[in-house]
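Breakdown of the fold
One letter stands for each residue in the lines below.
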Amino acid sequence: MHEEDGSEANPPPASRILASKSVDVAEVEASRDQAAKLCGYLNKLAGKGPLRGYKPRWFVYDPRKCYLYYFKTPQDALPLGHIEIGDASFSYDVEGDEGQFEIHTSGKEFLLKAPNKQVMNFWLQQLQQKRWEYSNIRGSGGQRDSWSSPTLFYSHTGLVAKDNDAFLFEKPSESMEKVRSDFAMETEPDGGGMVGMQSARGPAGLSTNPLNFSLKNWGTEIRNSMSHLRPGRGGENKRSVFYTNNSSTEEWELVEPPPKDIPEQKPHLDTHRHSIGSPFTFDFGRSSLRSKRPFLLGSGKSGRAVENRSAESSPVECNGSKPIEMQLRLQSQQEELSCMHQERAKLREELASQKELVRLLQQTLRTSQCDRRPISRPAPAPDSSPASDQSPAPVANQEEVSQVETLLQERDGQIQALCGNMERLALEKESLQQELKGLKVKVGEMNDQLGMLMETIQAKDEVIIKLSQESSENSGLLNECSSPPHSREHQDLDNLKDSLQGYKSQNRFLNKEILELTVLRRISESREKALEAKYTALEAKLCQVESKYFVLLQEVKTPVCSSSEQSPASEVISRLLEDALQAESTDQQEHPIFKPHTVSEYDVFGFKTVPEEEEEEEKLIAKVRALELKSLSMTNQEVSVGVKWDNYLAGTMNRDLLRSPELKALMRCGVPHVHRSKVWHWCVNFHVRKFRDHLAADYYETLLTVAREKPNPATKQIELDLLRTLPNNKHYASPSADGIQKLRNVLVAFSWRNPDIGYCQGLNRLAAIALLYLEQEDAFWCLIAIVEVFMPRDYYTKTLLGSQVDQRVFKDLMSEKLPRLHAHFELHKVDFSLITFNWFLVVFVDSVVSDILFKIWDAFLYEGPKIIFRFALALFKYKEEEFLKLQDSTAIFKYLRYFTRTILDSRKLMNIAFVDMNPFPLRQIQSRRSFHLEKVRLELTELEAIRQTFLRERETSQDGRTFVSDDEEDN
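The present account deals with the structure reproduced in this document. (Residues numbered from 1 in each chain as written. Predicted model: local features only at pLDDT ≥ 70, side-chain atom pairs only at ≥ 80, totals over all residues. Heavy atoms only, no water.)

1. Remarks on empty space enclosed by the protein
Under the definition given, this model contains six cavities of 30 Å³ or more. Counted as a void, the largest cavity has a volume near 150 Å³. In terms of lining, the largest cavity is formed by Arg344, Leu347, Arg348, Glu350, Leu351, Leu425, Ala426, Glu428, Lys429, Leu432 and Gln433. Listing elements by their share of the lining of the largest cavity, those giving two or more residues are helix H9 (324-376) and helix H11 (392-482). (1 Å grid on protein atoms, 1.4 Å probe; cavity = no way out; pocket = protein on both sides within 12 Å on 5 of 7 lines; lining within 4 Å. Points joined across faces, edges and corners; volume = space filled by probe spheres on them. Helix = DSSP H or I, 4+ residues; strand = E, 2+ residues; numbered from the N terminus.)

2. Here's the deal with the packing of helix H26 (residues 833-842) against helix H28 (residues 866-878)
Two elements in contact, H26 and H28, have axes separated by 10 Å at closest approach and are oriented at 145°. The way H26 lies across H28 gives a crossing that is right-handed. For the pair H26 and H28, the contacting residues are Thr836, Trp839 and Phe840 in the first and Ile868, Phe869, Ala872, Leu875 and Phe876 in the second. Counted by class, the contact of H26 with H28 contains seven nonpolar, one polar and no charged residues. (Axes fitted to C-alpha atoms, helices over the stretch in contact; angles between N-to-C directions. Left-handed = near helix turned anticlockwise from the far one by under 90°. Contact = heavy atoms within 4.5 Å. Nonpolar A, V, L, I, M, F, W, Y, C, P; charged D, E, K, R; others polar.)

3. Remarks on the pairing of strand E4 (residues 81-84)
The side-chain alternation of E4 yields one buried face, formed by Gly81 and Ile83, and one unburied face, formed by His82 and Glu84. Strand direction decides the pairing type here: strand E3 (residues 67-71) and E4, joined by four bridges, are antiparallel. Bridge pairing in E4 places Tyr70 opposite Gly81. (Buried < 20%, exposed > 50% of the residue type's maximum accessible area, 1.4 Å probe, protein only. Pairing = 2+ DSSP bridges.)

4. Let's talk about helix H18 (residues 676-692)
The largest bend in H18 is about 45°, located at Phe686. When you tally the buried positions in H18, you get twelve out of 17 residues, the bulk of the element. Among the residues of H18, Arg676, Ser677, Val679, Trp680, Trp682, Cys683, Val684, Asn685, His687, Val688, Phe691 and Arg692 are the ones counted as buried. (Bend = angle between axes of the 7 residues up to and from the residue.)

5. Here we look at the nonpolar core
Membership of the largest hydrophobic core comes to 128 residues, with the highest contact counts inside it found for Leu763, Ile769, Phe780, Tyr796, Phe844, Trp857 and Phe876. Sorting elements by how many residues they give to this core places helix H23 (residues 776-790) first, with eleven residues. Leave out the neighbours within four places in its chain, and Phe780 touches Tyr699, Tyr700, Leu703, Val746, Ala749, Phe750 and Arg753. Counting 27 residues, the second-largest nonpolar core is a separate cluster that includes Leu68, Phe101, Ile103 and Leu124. (Core = buried A, V, L, I, M, F, W, Y, C linked by side-chain atoms within 4.5 Å.)

6. Section: the packing of H23 against helix H27 (residues 850-863)
Between H23 and H27, whose axes approach to 11 Å, the crossing angle comes to 60°. Compared by their axis directions, H23 and H27 come out oblique. Crossing of H23 over H27 shows left-handed handedness. Between H23 and H27, the residues in contact are Cys782, Ile786 and Phe790 and Trp857, Phe860 and Leu861, respectively. Within the contact of H23 with H27, the residues separate by chemical class into six nonpolar, no polar and no charged. (Parallel < 35°, antiparallel > 145°, perpendicular 65-115°, else oblique.)

7. With respect to the pairing of E3
Buried residues dominate E3, accounting for five of its five residues. Between strand E2 (residues 53-62) and E3, which follow one another and run antiparallel, lie four residues, and Cys66 among them has a positive phi close to 60°.

8. So, the state of the cysteines
According to the stated counting rule, one finds zero disulfides in the structure shown. Unpaired in terms of disulfides, Cys782 finds its nearest cysteine sulfur in Cys683, a separation of 9.3 Å. Owing to a relative accessible area of 1%, Cys782 belongs among the buried residues under this scheme. (Disulfide = S-S within 2.5 Å.)

9. Re the environment of Leu510
Mapped onto the secondary structure, Leu510 falls in helix H12 (residues 485-557). Classification of Leu510 as partly exposed rests on a relative accessible area of 31%. Sequence separation of Leu510 and Phe90 is 420 residues, and the distance between their C-alpha atoms is 8.4 Å.

10. Points about the environment of Gln129
Within the secondary structure, Gln129 is located in helix H2 (residues 117-137). The spatial distance from the C-alpha of Gln129 to the C-alpha of Glu516 is 9.8 Å, given a sequence separation of 387 residues.

11. Comments concerning helix H22 (residues 763-771)
The buried fraction of H22 is high, at eight of nine residues. Here H22 has its buried residues at Leu763, Asn764, Leu766, Ala767, Ala768, Ile769, Ala770 and Leu771. Among the structural elements, H18, helix H20 (715-721), helix H21 (738-753), H23, H26 and H27 are those in contact with the buried residues of H22.

12. Here's the deal with the sheet that holds strand E5 (residues 89-91)
Strand order across the open sheet formed by seven strands is E4-E3-E2-E1-E7-E6-E5, with antiparallel pairing between neighbours. Each of the sheet's edge strands pairs with one partner strand only, and the pair in question is E4 and E5. In this sheet, adjacent strand axes meet at a mean angle of 35° when their direction is disregarded.

13. Looking at the side chain of His932
With respect to the helices and strands, the residue His932 is situated in helix H32 (residues 922-960). A relative accessible area of 6% means that His932 is categorised as buried. Setting aside residues no more than four positions away along its own chain, His932 makes contact with Val805, Arg808, Val809 and Asp812.

14. Thoughts on the pattern of salt bridges
One side chain can pair with another of opposite charge once the charged atoms of both are near each other. All told, the structure shown has 20 salt bridges when counted by the stated rule. Arg131 is the salt-bridge partner of Glu513, the closest N and O atoms lying 2.9 Å from each other. Remark: Arg131 occurs in helix H2 and Glu513 occurs in helix H12; sequence separation between them is 382 residues. For Arg131, a relative accessible area of 0% translates into the label buried. Residue Arg744 is joined to Glu719 by a salt bridge in which the shortest nitrogen-to-oxygen separation is 2.6 Å. Of the two residues, Arg744 sits in helix H21 while Glu719 sits in helix H20, which places them 25 residues apart along the sequence. A single salt-bridge network, built from bridges that share partners, covers Glu638, Asp851, Lys855 and Arg907. (Salt bridge = Lys/Arg side-chain N within 4 Å of Asp/Glu carboxyl O.)

15. Describing the environment of Lys866
If you trace the backbone, Lys866 turns up in helix H28. By relative accessible area, which is 16% here, Lys866 ends up buried. For the pair formed by Lys866 and Phe920, sequence separation is 54 residues and the distance between their alpha carbons is 8.4 Å. Once residues within four sequence positions are removed from consideration, Lys866 is found in contact with Phe920, Leu922 and Ile925.

16. What about unusual backbone geometry?
Cis geometry marks the peptide bond from Asn918 to Pro919; its omega dihedral reads -5°. With respect to the element layout, Pro919 can be found in the loop between helix H31 (906-916) and H32. Here Phe844, not a glycine, exhibits a phi torsion of approximately 70°, which is positive. Take Phe844: it is sitting in the loop between H26 and H27. In this structure, Asp846 is a non-glycine residue whose phi angle is positive, near 65°. Structurally, Asp846 is set in the loop between H26 and H27.

Next up, the structure:
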């Protein structure tokens, strides 16, 4: 996994284009691809002995190989097997089982069965069409593998995809297409909705037949089942799925639980009251006018509760007859239960009010008792009071005390009455709760009885249907016996008409099959003749080369007496060199299949193989290099890598690519040309997903619109560098080339995306390489992945701070991994960073041969910047002995400038980079980057201070200096 260096991208400033809504573009493209994919369920005859029978299999057509893969389920990663459609023939029997057809391949026969005749016709029609399309493009391209391997040669996106139009065979005539269309069968557009990705949720997909397994492919099935248990494969496999047959327009769907960080709100009393009588144990929300969706249950307990009460939770159709009486009773019980709930709520409210009243009375009682104590004990009167005033006072106090006592007695009585009323209400509440529990038990029993009655009624309905069928058969026999002979003849005539129609459709299908097979046989014969002609031409060319080689050996064997004499050997050698460097004739270019030349003007990436402006010796070396690269690409090891990639991608028919040790090992071997566009597209999307999720889908187009309306300071420098980007590549060689406008759009959009960098020389080469295999927008995001994700901050700014730091880190690694070579460079005072600086800045573009360059980029886009250090060390390790032989600094530096172009064996280089350079932890690079970053920053600060001091001194010296003209000096 790629580890970031801790420097995250800066948040965009206010001047940048902000997005309004995040849209996952990859999912939209994936859904679009899946909509056009030929896939669906078919029953395949498999097994031996008692286990032999039809088993449902998920079939997916792969247009790259013209294979029909079959899986156990649509979620499986590895196929159980495949059927080669490119060389197959199809047939079916009218009198056989409905929907049954056969596929005949070389030495194998596959018996398949569709749900009905219409689906069978659709599959046969589509398979014939796919076979016909594949036969028209089969063998396209100038590569050897395209003749021996069924994999298509050309890539699907990028500038290199347009180079393959010239290699296609001539298209079939319109008359042939018209004949094929006349024999075509009438089928429904999508097989009646039973073919395609929408059929994955059909009844075949939910089959739980215990015999649906394959003893032959038991290892594959175990790996497929284990792949669902791995983390990161999605949570849908861990949830139970339930489907209902509700035909009403109003559907039930499960309400998602609240997130953990938000506190759950208590439901309202009325909501809880209505959910008591429901047989479900979880809450549902109604969604009207919504398509049918499965019930997704996260917990196993809830799933069991619904499964145990499946008869009550989902409506069951029993041929129109339902237990109405039981439903009415259940409805009345639920109404009574809701009334009791309401009454219970009222009693609770009354009880609360009574409790409040008791609390108030108790408070009043306490206050009255506090007032009673000073009244019952009056203070003695002073001695100075007259005797006449003392007599009426005790009488008044006694009356007040008696009144208070009477009032207290009344309040005590009220309190006792309220306490008794409260006890009575509590008893009544307990009785109501017991009654409520009893009603709940009754409702549960009635639900169970209702389910049993439904099952009984369903069984009775089945018996009634069987009896009605038997009675209809018996009545039909009686009618046949009693009917006149002419009615029986009419029925026989109808049967014969149906059989005739079936044989007509079968005859039409077989005629089309014979016609296509005949044309395919003719195409294969013409292809075989073309191959024989090419083989003959190559053999003749080999004989000519051998004869010239023997003549050259004979002439070289003769010694030259004097260099001033013109020997015949020099004439022969010069003539042979002219023949070797002779360009292809127009006749050979018109017929590329007969072309005996193994080296074309441009390689598969669009780079010129033999430069025109170079000297004759350089041209000869370039052609020798191209021939050696051609021979290396045809080795068994390269072919085996292509086979491994084909097998790996065959397992991703039902899923996207995922980061894994297997994919990492394949990426380190290099991605084949045919798969590079897809793999690069996935790598870029994986690394920039965190940016794209927060941006609009038209973010790139918005940047281009802004660039057209407003001038950008970087636009002038971009225009100057467009034609200097890759002048040796035909896609960027002229102002009218296909890649120039795309490169301009990508660089201008990036300058608006990242105004801190704007444009830096080197970004144009990165974008140009990405455009060879990616579309404009994907190349734009690839540039963002390199600058903002892979490389450290300030890598492409004006100071190139990150690039300088990486050069010092690379010197440390050189002294650690290659100590002899590093000491040799130090001894002769050779600064190799003058050469390696450009390697790191543009990821080896224009530094190595194209075949090695793209294999480096394969691993770089998957693993990140650590790959640059690995391959930089591997390049020096590859030529270490040659460097050690050089004892002159001038010779060493001269060899440094071109030694990477002499390395052609990519397999050896990759083995050095990924085996000999181990261990190679990214943490070590990051720690050394941090160490050198501080040192470089200090040095830059000191240099800036020196520069400012120098500028100030120069200004002061200019002010004090007086300039006198020559005329004034003469005077």
